[in-house]
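# Understanding the architecture of this molecule
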Number of protein chains: 2
Amino acid sequence: MKKKRAGKPVPKETDERVRRSKETVLAATYELLTEAGLGGVSVDAVSARSGVAKTTIYRHWPSRSALVLDACSQLGSKREAPNTGSLKGDVTVLVTDLARRLRTARWAGVLPSIIDAAERDPELAELHSRLHAGLMGAFNLAVEQARKRGELPRTQDTSHLLAALVGPLFYRRWFSREALDERFVQSIIESAVAKLKP
Amino acid sequence: MKKKRAGKPVPKETDERVRRSKETVLAATYELLTEAGLGGVSVDAVSARSGVAKTTIYRHWPSRSALVLDACSQLGSKREAPNTGSLKGDVTVLVTDLARRLRTARWAGVLPSIIDAAERDPELAELHSRLHAGLMGAFNLAVEQARKRGELPRTQDTSHLLAALVGPLFYRRWFSREALDERFVQSIIESAVAKLKP
């Protein structure tokens with residue numbers, strides 16, 4: 001089915017200009033986020049940094065939260081579930097990858113400001129919840145596949161398993177600030193998966 | 001050994017007035033922290049809320065961080081290590097107690113703002129590190145006692161054990177925002193301690 005367009009067709013070069021302007025705004029938002037956390041991001045600041053007018057910004061994003069959500073969309077949403085054929089294989093890929101990203105990705109320095117805001121602001125709590133769902137998407141898929149293969153007992157609460165896998169990494173990154181090295185990652189996987197065996 | 005006092009002895013009623021004024025300032029600081037996170041706390045705001053002059057506040061605390069640290073001192077620092085005679089018994093007491101506090105204590109809503117600030121501000125990173133040490137003090141003691149009783153293999157990295165015990169709780173409180181119920185707490189303890197058995 002063809003989409004209907006209201007009014008005249010938009011010329012190609014306008015499309016391209018809009019796309020570039022949106023990209024500039026998102027890049028500026030992300031920059032501000034990583035420099036100063038959520039507290040440093042206002043539509044004013046984004047407009048000043050990007051050189052794009054506030055009215056244009058509001059045309060594409062109805063609120064600061066919508067803009068922040070879009071700018072953060074790279075946070076975990078593009079991970080695909082691995083397919084090693086075993087739960088332990090899959091979570092080893094995923095936890096290792098998460099540890100690497102927690103060590104290096106700039107969003108790791110941004111997330112606490114979003115979690116802080118989520119404590120008091122329902123709109124940002126919703127944003128955080130979406131970011132979190134994106135981050136955990138591949139983990140959930142891997143667990144679902146393991147369930148289908150009969151690798152997980154029916155009584156297993158998979159949310160406990162995910163907390164046991166991911167929680168210790170988050171703990172080291174943001175709370176104890178200890179190293180997220182390979183030995184730690186292996187030990188956490190062993191400990192979380194050990195309980196599953198009969 | 002008696003402490004030396006410089007100059008004249010301070011009259012009792014002055015001592016009492018100073019004590020009350022300090023208490024008022026700490027209470028106002030804690031109130032502001034729980035209402036708006038660290039971002040809501042400045043010496044100006046504390047002075048306005050408490051009615052205590054800024055000069056008086058600076059006489060007792062050299063910086064905002066010192067004030068925040070003092071106001072947060074109830075965060076975990078007063079827990080004593082339990083003494084049930086076994087590692088599993090001790091950590092059950094400690095993890096259950098932590099889960100209860102994460103569910104109810106007002107500092108649980110404040111900590112993310114301190115962690116966020118710690119990402120960019122070395123003085124607040126130092127503050128967070130002290131708060132974290134206070135929170136984990138009793139856990140470290142329990143693990144040390146278990147080591148002395150021969151309950152922990154010499155090769156056991158106890159920091160892995162602590163991350164496996166505490167990380168999943170932090171994960172549920174601040175990241176996935178799921179329930180910290182008794183079933184979860186039990187499951188996490190089983191999973192973290194299971195690996196230790198030969």
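Residues numbered from 1 in each chain as written. Chains lettered and ligands numbered in written order. Predicted model: local features only at pLDDT ≥ 70, side-chain atom pairs only at ≥ 80, totals over all residues. Heavy atoms only, no water.

## Points about the interface of chain A and chain B
Between chain A and chain B, the contact holds 43 residues from the first and 43 residues from the second. Summed over both sides, the interface between chain A and chain B buries roughly 3600 Å², with carbon and sulfur atoms accounting for 57% of that surface. If you sort the residues of chain A by the area they bury against chain B, A:His160, A:Tyr171 and A:Phe175 come out on top, with a joint share of 20%. The salt bridge involving A:Glu119 is made with B:Arg177; its shortest N-O contact spans 3.7 Å. Linking chain A with chain B are 13 residue pairs in polar contact (both at pLDDT 80 or more). (Contact = heavy atoms within 4.5 Å. Buried area = accessible area lost by both parts, 1.4 Å probe. Salt bridge = Lys/Arg side-chain N within 4 Å of Asp/Glu carboxyl O. Polar contact = N/O pair within 3.5 Å; in protein donor to acceptor, adjacent residues only side chain to side chain.)

## Considering the side chain of B:Thr158
Of note, B:Thr158 is situated in helix H8 (residues 158-176). Those residues in contact with B:Thr158, other than ones at most four positions away along the chain, are B:Val143, B:Arg147 and B:Leu152. (Helix = DSSP H or I, 4+ residues; strand = E, 2+ residues; numbered from the N terminus.)

## Quick word on the domain arrangement of chain A
Residues and elements named next belong to chain A. We note that the domain assignment places domain 1 (13-71) and domain 2 (87-194) within chain A. Domain 1 and domain 2 are separated by 29 Å when their C-alpha centres are compared. With 10 residues of domain 1 in contact, the opposing surface of domain 2 contributes 11 residues. Where domain 1 abuts domain 2, roughly 960 Å² becomes buried across the two surfaces, and 69% of that area is made up of carbon and sulfur atoms. The three residues of domain 1 that bury the most area against domain 2 are Leu38, Ser65 and Leu69, which together make up 51% of that side's buried surface. Applying the counting criterion to the domain 1 and domain 2 interface returns zero salt bridges. Linking domain 1 with domain 2 are four residue pairs in polar contact (both at pLDDT 80 or more). Going through the elements one at a time, helix H1 (12-36) and helix H4 (64-71) are the ones with two or more residues in the side of domain 1 that touches domain 2. By residue number, the principal contributor to the side of domain 1 that touches domain 2 is H4, which donates four residues. (Domains from an automatic or database assignment.)

## Re the relation of the copies chain A and chain B
With an RMSD of 0.1 Å, chain A superimposes on chain B once it is rotated by 180° and translated 0.0 Å along the axis. The relationship between the two copies is best expressed as a two-fold rotation axis. The position closest to the rotation axis in chain A is occupied by the C-alpha of A:Gly167, lying 2.1 Å away. Of the interface residues in chain A, 100% have counterparts in chain B that sit at the interface too, so the contact is made through matching surfaces. (Least-squares fit on C-alpha atoms with pLDDT ≥ 70 in both.)

## Thoughts on the packing of helix H7 (residues 122-148) of chain A against helix H8 (residues 158-176) of chain A
Residue and element names in this part refer to chain A. Taken N-terminus to C-terminus, the directions of H7 and H8 make an angle of 140°; their axes are 11 Å apart at the nearest point. Viewed along their axes, H7 and H8 adopt a mutual orientation that is oblique. In this structure, the crossing between H7 and H8 has a hand that is right-handed. Taking contact as the criterion, the partners of Leu135, Met136, Phe139, Asn140, Val143 and Arg147 in H7 are, on H8, Thr158, Leu161, Leu162, Val166 and Phe170. Across the contact of H7 with H8, the residue classes break down as eight nonpolar, two polar and one charged. (Axes fitted to C-alpha atoms, helices over the stretch in contact; angles between N-to-C directions. Parallel < 35°, antiparallel > 145°, perpendicular 65-115°, else oblique. Left-handed = near helix turned anticlockwise from the far one by under 90°. Nonpolar A, V, L, I, M, F, W, Y, C, P; charged D, E, K, R; others polar.)

## Here we look at the packing of aromatic side chains
According to the stated counting rule, one finds nine aromatic pairs over all chains in the structure shown. Taking 5.3 Å as the distance between ring centres and 75° as the angle between the ring planes, the aromatic pair formed by A:Phe170 and A:Trp174 counts as edge-to-face. One end of the pair is A:Phe170 and the other is A:Trp174, both in helix H8 and four residues apart, which spans about a single turn. Judged by its relative accessible area of 1%, A:Trp174 falls in the buried class. Members of the aromatic cluster, connected to one another through ring pairs, are A:Phe170, A:Tyr171, A:Trp174, A:Phe175, B:Phe170, B:Tyr171, B:Trp174 and B:Phe175. Residue placement shows A:Lys22 over the ring face of A:Trp61; its charged tip is 5.9 Å from the ring centre. (Phe/Tyr/Trp six-rings, centres within 6.5 Å; stacked < 30°, edge-to-face > 60°. Buried < 20%, exposed > 50% of the residue type's maximum accessible area, 1.4 Å probe, protein only. Lys NZ or Arg CZ within 6 Å of the ring centre and 35° of its normal.)

## Observations concerning the packing of helix H6 (residues 111-118) of chain A against helix H6 (residues 111-118) of chain B
Following both chains from N to C, one finds H6(A) and H6(B) inclined at 155°, their axes separated by 8 Å at the closest point. The pairing of H6(A) with H6(B) is recorded here as roughly antiparallel in orientation. Two packed elements cross with a definite hand, and for H6(A) against H6(B) that hand is left-handed. The residues of H6(B) that touch H6(A), namely those facing A:Pro112, A:Ser113, A:Ile115 and A:Asp116, are B:Pro112, B:Ser113, B:Ile115 and B:Asp116. A breakdown of the residues in the contact of H6(A) with H6(B) according to their chemical character gives four nonpolar, two polar and two charged.

## As for H6(A)
The buried fraction of H6(A) is high, at eight of eight residues. Every buried residue belonging to H6(A) is among A:Leu111, A:Pro112, A:Ser113, A:Ile114, A:Ile115, A:Asp116, A:Ala117 and A:Ala118, and all of these are buried. Next to the buried residues of H6(A) lie H7 and H8 of chain A together with H6 and H8 of chain B.

## So, H8(B)
Helical geometry note: an α-helix holds 3.6 residues per turn, so side chains three or four residues apart project in the same direction. All names here are of chain B. Over its 19 residues, H8 extends 26 Å from the first C-alpha to the last, a length consistent with the 27 Å expected when each residue adds 1.5 Å. Of all bends in H8, the biggest is about 30°, found at valine 166, and the proline proline 168 comes one to four residues later. Looking one or two residues beyond H8, the residue adopting positive phi is arginine 177, at roughly 55°. (Expected span 1.5 Å × (residues − 1). Bend = angle between axes of the 7 residues up to and from the residue.)

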